[in-house]
Amino acid sequence: ATLSPMLGAPDWVGRTVLALLAIGFIPALVFSWVFELTPGGLKRDDELAAGESIAPQTARRMDRMIIVALLLALGYFAVDKFVLAPKPVDVASRLAPSVPAVATAADPAPAATAVGMPSSADTKSIAVLAFADLSQARDQEYFSDGVAEEILNALAKVDDLKVAGRTSSFYFKGRNEPLATIGSALGVAHVLEGSVRKQGDQLRIGAKLLRVGDGLELWAETYDGTDADIFGLQENIARQVARQLKVALNVGQQGRLIDVGTSDPDAFALYLRATDIFNRRDLARYDEAIAGLQQALELDPTFARAASRLAMLHALQAPFELARVKLVREFAAKAIALDPQLAEPQVALGVMAEGQRRYVEAKGYFTRALELSPEDAEARFRLGRLLLLGYLNDGTEWLDRALLVEPLHPNALWRRALRSIELGDFAAAERAFERSSELGLSWATQAPSILATERGDYSTARTEALRFFTPETLPGCSDVDAPQWGMIVTGVHGGSDAERASARAVLERCLATDPKPVAGTLVWYLLELGDAERALSVFAQAPTAGDVQLLNQIWRSRWASVRATPFFTAFVRDTGMTAHWDQYGPPDLCHKNANGDYRCE
C-alpha cells in the first residue's frame, strides 16, 4: 500500500504479493511452532532438553503470542481488502465503445450493483459535490461553490485519484439524490459533501467523506476561521480526503495541495464571484464578471488565474471583434507569463483563433492545453468540436473523451446529440438533448424543433421553432413582423415551393440591412430553403455569430449534394478550412485533386 503508488505498480502486484505471503505464512507458522533453534542446530520442540533452547521459555511464549496477533491482523486485513472493499474498476469496459459512453453520459442513473455502488467505480475515486450555503442570508452560494471547486481542482491533480468533473458533480446540487444514484451516474466510489457558513469575515466549513457502497461516513470535520484562513481550511480538507483514500501525492504536492494563485482573500472572493457567472454561462452578466476580475488583478497583479479567466470571458463574448481579440491576447499572455502551466489561457486563445477562422492555429492552442492538462474536459470538447469540421470520426471521439471526464458537460452533450442523429440513434440524441437542457444550456430549447424536423413532423417543428426563435434573435431581422416571421418558419420547416420562396424573400430583407455579424441561424435557414450557393456566399464573407454550429451542420449526410458542387470547393478555401486540411490531411469525406483543390462527397 505504501510503495506500490510510488512505483506506479498496477493493483494486481499488491494482490499477488499478499497472496504469496498468505500461502507462505502457514508453513512458516508450522515450522516455527514445531522446531526450535539450539546450539546444536534445529530440533523439534518435544526433543529439547531443559535449557537447550537459545530463547528463554518466556520469550518463546511471547513469540507465539505475537504470531497469534499477526494471524488475527492478517485475517482482518484480508476481509477488509477482499470482502468489504468495493470492486476495482474495469477500465476496458468503460473506455471501449464511444457511443455507449454517450448513452451513459446522457442517463443520470445507470443501474447500480446489489450493494448500491457502480460496478465499474475505482476504489480511489471521488465526486466533490457543491457545498451548501448555510449563511444566514443565503447569499454566499458563489463562495460555497467556489470552496468546493478549489478542493475538487486540487484533488484532480493527484495522479492516483479519479475525480468527477465539476459540472457533473454540481449537477446534483439541491437534488437530494441517494448516494447510489450519484455514484452510479459519476462512476465514483466516494462522495465529499460539505457546507459553508459565512458571517462577515467569520467562516465555518464542514465536510464529510462518504463511501457510496454502504453510505459509511469515513471522515467528518468542522473548521472555524476567518476569510484570511480560507486557503488553509481548504488545504486541510483536501489533505484529509487524500489521506482517507490512501492516495500517493505527486512530487511537489507534499508541501501544498491547494494553490489558488493568490494570498489575497478579497481577490479570491472576486474571482469566485466571476467564476460563478462564467460557470452558469450567464451572458448578460459577463461585463460584471470582467469588472470583478479586473478589480482582483488590481488587488493582486500576480493572480494568474484571474487574468486567465478574463481572457476566456473576452474570447467567449465576441472572438471576431478586433477589440476583443486584443484583450484576449493581452490577458492570456499575462496569465501564461505568471503561470505557464495553466491550460485555460491556451483554450481562450484557441477560441479566439477559431472565431477568426484560423483553424490550424486554434488546433495548436487546444492541443497545447491538453498537453498541460490532459483531463481538461473543456479543451477536449473544443478540440472535438473543431475536428468535426471534416474530421468526423476524430471529432466524435474527442467529444466522447470530454464526456468520459465530464459526463454532464452541456455543450459536449449537445454536439454529441447532433452526431447521434446523424448516426440514426434518435433515442440517444433525445436523452442527451434533454440532459443539456436540464443543465441550463440556453439554446437547448431548439432540440424539440430539430428532432421533429428530422422525424418529418413539420407541424411540431414549426410550433417549437416559434417558441425559441424570434426576429430579435437574428441581427438585421428586428423589423420583421409576426406574419413575416411565420413565413420564414413555415418555409424552413417543410414548406411548399411558394412558401419557401416567400421565406427567402424575407431573409433577403434581413440581409439587406447588412447586419454585423450575420447570424449563423440566418445562413442556416437559407441553406434549409435550398439556396445553398447564396447561403455559403454570405457565410464566406465574414465570421458569423455561430460559425462552428453551421460548419458542423454542413458535414451531415443530407448536404452531400451541396458538398459536391464547385462553389463548395471555393467555400472551404475562402473560409480557411483547406489550410487546416493541408496541414493535417484530407477530411473524411474529401480528397485533394491534381489542381490542389478539395472535392468532397
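Summarised in this report is the structure supplied together with it.

The rules we used
- Residues numbered from 1 in each chain as written.
- Predicted model: local features only at pLDDT ≥ 70, side-chain atom pairs only at ≥ 80, totals over all residues.
- Heavy atoms only, no water.
- Helix = DSSP H or I, 4+ residues; strand = E, 2+ residues; numbered from the N terminus.
- Buried < 20%, exposed > 50% of the residue type's maximum accessible area, 1.4 Å probe, protein only.
- Contact = heavy atoms within 4.5 Å.
- Areas by Shrake-Rupley, 256 points an atom, 1.4 Å probe, with all protein chains shown as cover.
- Phe/Tyr/Trp six-rings, centres within 6.5 Å; stacked < 30°, edge-to-face > 60°.
- Disulfide = S-S within 2.5 Å.
- Pairing = 2+ DSSP bridges.
- Axes fitted to C-alpha atoms, helices over the stretch in contact; angles between N-to-C directions.
- Left-handed = near helix turned anticlockwise from the far one by under 90°.
- Nonpolar A, V, L, I, M, F, W, Y, C, P; charged D, E, K, R; others polar.
- Polar contact = N/O pair within 3.5 Å; in protein donor to acceptor, adjacent residues only side chain to side chain.
- Core = buried A, V, L, I, M, F, W, Y, C linked by side-chain atoms within 4.5 Å.

This paragraph deals with the overall build of the protein. A tally of regular secondary structure across the protein gives 29 helices and 10 strands. Counting the 601 residues in the protein, one finds 47% classified as buried. Long-range contacts, defined here as pairs at least 24 residues apart, represent 62% of the contacts in the protein between residues at least 6 apart. Accessible surface, the protein: about 27,800 Å² in total, of which carbon and sulfur atoms supply 55%.

Right, let's talk about the environment of I205 for a bit. Structurally, the position occupied by I205 is in strand β7 (residues 202–211). With 16 residues separating them along the chain, I205 and E221 place their C-alpha atoms 8.4 Å apart. Discounting residues that sit within four places of it in the chain, I205 has contacts with F131, V147, S195, V196, E221, T222, Y223, I230, L233 and I237.

If you walk through the whole model with that rule in mind, you get 11 aromatic pairs. Relative to F571, the ring of F539 lies with its centre 5.6 Å away and its plane at 50°, an arrangement referred to as tilted. Note that F539 is positioned in helix α25 (residues 532–541) and F571 in helix α28 (residues 566–574), a separation of 32 residues in sequence. Residue F539 is classed as buried on the basis of its relative accessible area of 0%. Pairing F568 with F571 gives two aromatic rings, centres 5.8 Å apart and planes at 35°, and the pair type is tilted. Taken together, the residues F568 and F571, both in helix α28 and three residues apart, mark about one turn of the helix. What makes F568 buried here is its relative accessible area of 0%. Each member of the aromatic cluster is reached from another via a ring pair, and the members are F539, W555, F568, F571, W581 and Y598.

Attention now moves to the environment of G187. On the secondary structure map, G187 appears in the loop between α8 (179–186) and β6 (188–199). On a C-alpha basis, the gap between G187 and S125 in space is 8.0 Å, while along the polypeptide they are 62 residues apart.

One pass over the full model with this rule turns up two disulfides. The disulfide partner of C477 is C510, and the S-S distance across this bridge is 2.2 Å. Torsion about the S-S bond of the C477 and C510 cystine: about 130°, corresponding to right-handed handedness. Remark: C510 occurs in helix α23 (residues 497–512) and C477 occurs in the loop between α21 (458–468) and α22 (482–492); sequence separation between them is 33 residues. As far as the burial class goes, C477 and C510 line up, both buried. When the bonded cysteines of the protein are numbered from the N-terminus onward, they pair as 1-2, 3-4.

Across the two faces of strand β1 (residues 35–38) the burial differs, with E36 and T38 buried and F35 and L37 not buried at all. With four bridges joining them, β1 and strand β2 (residues 41–44) adopt antiparallel strand pairing. By the bridge assignment for β2, T38 is matched with G41.

Looking now at unusual backbone geometry. For the peptide bond that leads from K516 to P517, omega is -5°, which places it in the cis range. Despite not being glycine, R138 shows a phi value in the positive range, around 50°. On the secondary structure map, R138 appears in the loop between β4 (132–133) and α6 (141–156). A positive phi angle, close to 65°, is found at R357, a residue other than glycine. Mapped onto the fold, R357 is located in the loop between α14 (344–355) and α15 (359–372). Owing to a relative accessible area of 10%, R357 belongs among the buried residues under this scheme.

This part takes up the packing of helix α11 (residues 286–299) against helix α13 (residues 322–338). Viewed as axis vectors pointing N to C, α11 and α13 meet at an angle of 35°, and their least axial separation amounts to 14 Å. Where α11 crosses over α13, the two elements pack in a sense that is left-handed. Across the interface between the two elements, D287, I290, Q294 and L297 of α11 pack against R324, F331 and K334 of α13. For the contact of α11 with α13, a count of residues per class yields three nonpolar, one polar and three charged.

Tracing the sequence through the fold places R556 in the loop between α26 (547–554) and α27 (560–563). For R556, a relative accessible area of 12% gives the class buried. Within polar-contact distance, the side chain of R556 engages the side chain of E422 at 3.2 Å. With sequence-adjacent residues up to four places away left out, R556 is seen in contact with I421, E422, E454 and R563.

Grouped together as the largest cluster of nonpolar side chains are 149 residues, with contacts concentrated most on F131, L192, W555, M577 and W581. Here the element with the most residues in this core is helix α10 (residues 265–279); it accounts for nine residues. The contact partners of M577, leaving out residues within four places of it in the chain, are Y359, L389, L551, W555, F571 and V572. Membership of the second largest hydrophobic core comes to 14 residues, among which are F172, I182, V188 and L210.

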